[in-house]
Amino acid sequence: MSLQILILAVTAACCLGFGFVLQQNAAQRAPLSDFLSPRILLDLMKMPRWLGGIGLMVVGMALGAMALGQGEISLVEPLLATNLLFALMLSRRQTKQPLGRQGWTGLALLAGGVTAFIVAGQPTGGTATDNPLRHWLIIGLMIGVALLLTGYAKRSRLSSGPALLATAAGLLYGVQDALTRVTGQRFAEGGITEVLTGWQPYAVVALGLTGLVLVQSAFETASLRMSLPALTAAQPLAGIACGVGFLGDRLRTDAGALAWESAGLAGIVVGIILLGTHSAMPCGVTQPRRTAPALQTP
């Protein structure tokens, strides 16, 4: 792993983590009638804090795209998952809560899991598969699961809904990262003309906007403790699946390496859950919420 990829990915994670906290601070004041509606973006655009959070997220996504252009997605995605560390850092500054045993354990598991997965797996690039069926099967599976989770979230918007929406958004963002890498490869091969004649950049925009609506709907209905861990855990898993599935990423597959890779991924997920549910994370909505006006009957 080059130092440049490491710096790009960790800086991207920092921007994403800070951006998510600012977005949730603003989104919790959005009207509940905006739930799962593109209108939520129009309402949130009126809030300077949300715009600042979006600005940081855009910078983070751009830096992440640069990292993906230079390294394998199976390498970059675990590094991007450290955005939760930076989110906790900003939240802890707001809430004045100490890390405690849970915080330090989560930090150690997340950092150790990322290190174990990268060292054991030794991700390397390979030749992307030319089989379109394999591409669409993996992408369709991710999008299908995201749609299913969104459908369930509609029925339980204030209970498990936010976690389901965040998981769905994470799956879409993982696919978006994979297609971002493909777009970068097309640009390197044929310039902007090659990019614009493919479907991938348009899918990147569509997935990004859809994921943004899902994330903001999750942020407006619950605290970061419920939504951010699911988002942070789902994205690297989906990205790695796409990387190995059709982008040609290679991981070591001997028994010892697979054991450490599995342990590393488990450590990442458990660490994310411990950090995401830490008391330093904002506990959620504290102000009265606006809802859609009731219909008047004669």
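Just so it is clear, the structure is predicted and the values come from calculations on it, not from any experiment.

A.B. asks: Before we move on, could you go through the overall build of the protein and cite the residues and values that matter?
C.D. replies: For the protein, the count of helices and strands is 11 helices and 0 strands. Since a compact globule built from 298 residues should have a radius of gyration of about 19 Å, the 19 Å found for the protein is in line with a globular shape. Considered along the principal axes of its C-alpha atoms, the protein spans approximately 65 × 50 × 30 Å. Looking at the protein as a whole, 53% of its 298 residues qualify as buried. Excluding contacts between residues fewer than 6 apart, the proportion of contacts in the protein whose partners are at least 24 apart in sequence is 87%. For the protein, the accessible surface area stands at approximately 13,700 Å², while carbon and sulfur atoms represent 67% of it. Positive and negative side-chain charges of the protein, numbering 19 and 12 respectively, have mean locations separated by a distance of 16 Å.

A.B. asks: Tell me what's going on with unusual backbone geometry, and back it up with residues and numbers.
C.D. replies: For Gln 122, which is not a glycine, the phi torsion comes out positive at approximately 45°. Along the polypeptide, Gln 122 turns up in the loop between α6 (100-121) and α7 (132-155). Residue classification places Gln 122 among the partly exposed residues on the basis of a relative accessible area of 45%.

A.B. asks: Break down the packing of helix α3 (residues 48-70) against helix α8 (residues 161-196) for me, citing the residues and quoting the values.
C.D. replies: The axes of two packed helices give the description: the angle between them and the distance between them. Remark: α3 packs on α8, axes separated minimally by 9 Å, with the N-to-C direction vectors making an angle of 50°. Considering the angle they form, α3 stands oblique to α8. Read as a crossing pair, α3 and α8 show a hand that is right-handed. Within the contact between the two elements, α3 uses Met 57, Met 61, Ala 65 and Leu 68 and α8 uses Tyr 173, Gln 176, Asp 177, Thr 180 and Arg 181. In terms of residue class, the contact of α3 with α8 is built from 5 nonpolar, 2 polar and 2 charged.

A.B. asks: Residues and numbers for a nonpolar patch on the surface, please.
C.D. replies: Taken together, the side chains of Phe 187, Ile 192, Leu 196 and Tyr 202 present a nonpolar region at the surface, about 440 Å² in accessible area. Here Phe 187 is to be found in helix α8.

A.B. asks: An account of the state of the cysteines is requested, with residue identities and associated values reported.
C.D. replies: In the structure shown here, the tally under the stated rule is 0 disulfides. Here Cys 15 stays unpaired: no disulfide links it, and the sulfur of Cys 14, its closest cysteine neighbor, is 5.5 Å away.

A.B. asks: With reference to specific residues and values, describe the packing of helix α1 (residues 3-27) against helix α4 (residues 73-80).
C.D. replies: Remark: α1 packs on α4, axes separated minimally by 8 Å, with the N-to-C direction vectors making an angle of 40°. Comparing their axes, α4 and α1 come out oblique. Considering how the two elements wind past one another, α1 and α4 form a crossing that is right-handed. Contact residues: Ile 5, Leu 6, Ala 9, Ala 12 and Ala 13 in α1; Leu 75, Val 76, Leu 79 and Leu 80 in α4.

A.B. asks: Could you give an account of α7, naming the residues involved and the relevant values?
C.D. replies: End to end, α7 covers 35 Å across 24 residues, agreeing with the expected 34 Å (1.5 Å per residue, within 8%). Taken residue by residue, α7 has His 135, Ile 138, Ile 139, Met 142, Ala 146, Leu 149, Thr 150 and Ala 153 as its buried positions. Of the surrounding elements, those touching the buried residues of α7 are α8, α9 (200-221) and α10 (224-246).

A.B. asks: Kindly report on the confidence of the model for the protein, identifying the contributing residues and their values.
C.D. replies: For the protein, the average pLDDT comes to 85, and 93% of its residues sit at 70 or higher. Here helix α5 (residues 83-95) stands out as the element of the protein with the lowest mean pLDDT, 82, in contrast to α3, whose mean of 92 is the highest. pLDDT under 50 marks residues 285-298. Its contacts with residues more than four places away, or in other chains, come to 16 contacts.

A.B. asks: Summarise the packing of aromatic side chains; cite the residues concerned and give the values.
C.D. replies: Any pair of aromatic rings gets described here by the distance separating the centres and the angle formed by the planes. Applying the stated criterion across every chain, the model contains 3 aromatic pairs. Summarising the aromatic geometry, the rings of Phe 20 and Phe 219 are spaced 6.3 Å apart at their centres and angled 75° between planes, so their arrangement reads as edge-to-face. In this pair, Phe 20 is assigned in helix α1 and Phe 219 in helix α9, connecting sequence segments 199 residues apart. Judged by its relative accessible area of 1%, Phe 219 is buried.

A.B. asks: Provide a residue-level description of the pattern of salt bridges, including the pertinent values.
C.D. replies: Pairing between side chains of opposite charge can happen when the charged atoms of each approach one another. Inspection of every chain in the model, using the stated rule, returns 4 salt bridges. For Glu 194, the salt bridge goes to Arg 186, with nearest N and O atoms at 3.5 Å. Between Asp 254 and Arg 252 there is a salt bridge, and its shortest N-O distance comes to 3.3 Å.

A.B. asks: Can you lay out the environment of Trp 199 for me, pointing to particular residues and giving the numbers?
C.D. replies: Following the sequence through the fold, Trp 199 ends up in the loop between α8 and α9. For Trp 199, a relative accessible area of 35% translates into the label partly exposed. Contacts of Trp 199, omitting those with residues within four sequence positions, involve Trp 136, Ile 139 and Leu 179.

A.B. asks: Explain the environment of Thr 210 to me, and be specific about the residues and the numbers.
C.D. replies: Along the chain, Thr 210 turns up in helix α9. Since its relative accessible area comes to 40%, Thr 210 is described here as partly exposed. Note: C-alpha distance between Thr 210 and Leu 36 (174 residues apart in sequence) is 9.5 Å. A distance of 2.8 Å separates a polar side-chain atom of Thr 210 from the backbone oxygen of Ala 206.

Conventions and cut-offs
Residues numbered from 1 in each chain as written. Predicted model: local features only at pLDDT ≥ 70, side-chain atom pairs only at ≥ 80, totals over all residues. Heavy atoms only, no water. Helix = DSSP H or I, 4+ residues; strand = E, 2+ residues; numbered from the N terminus. Rg over C-alpha atoms; globule rule 2.2 N^0.38 Å. Buried < 20%, exposed > 50% of the residue type's maximum accessible area, 1.4 Å probe, protein only. Contact = heavy atoms within 4.5 Å. Areas by Shrake-Rupley, 256 points an atom, 1.4 Å probe, with all protein chains shown as cover. Lys, Arg positive; Asp, Glu negative; His and termini not counted. Charge placed at Lys NZ, Arg CZ, Asp CG, Glu CD. Axes fitted to C-alpha atoms, helices over the stretch in contact; angles between N-to-C directions. Parallel < 35°, antiparallel > 145°, perpendicular 65-115°, else oblique. Left-handed = near helix turned anticlockwise from the far one by under 90°. Nonpolar A, V, L, I, M, F, W, Y, C, P; charged D, E, K, R; others polar. Patch = residues over 30% accessible without salt bridge, like charges linked within 9 Å, V, L, I, M, F, W, Y side chains within 5 Å. Salt bridge = Lys/Arg side-chain N within 4 Å of Asp/Glu carboxyl O. Disulfide = S-S within 2.5 Å. Expected span 1.5 Å × (residues − 1). pLDDT = per-residue confidence, 0-100. Phe/Tyr/Trp six-rings, centres within 6.5 Å; stacked < 30°, edge-to-face > 60°. Polar contact = N/O pair within 3.5 Å; in protein donor to acceptor, adjacent residues only side chain to side chain.

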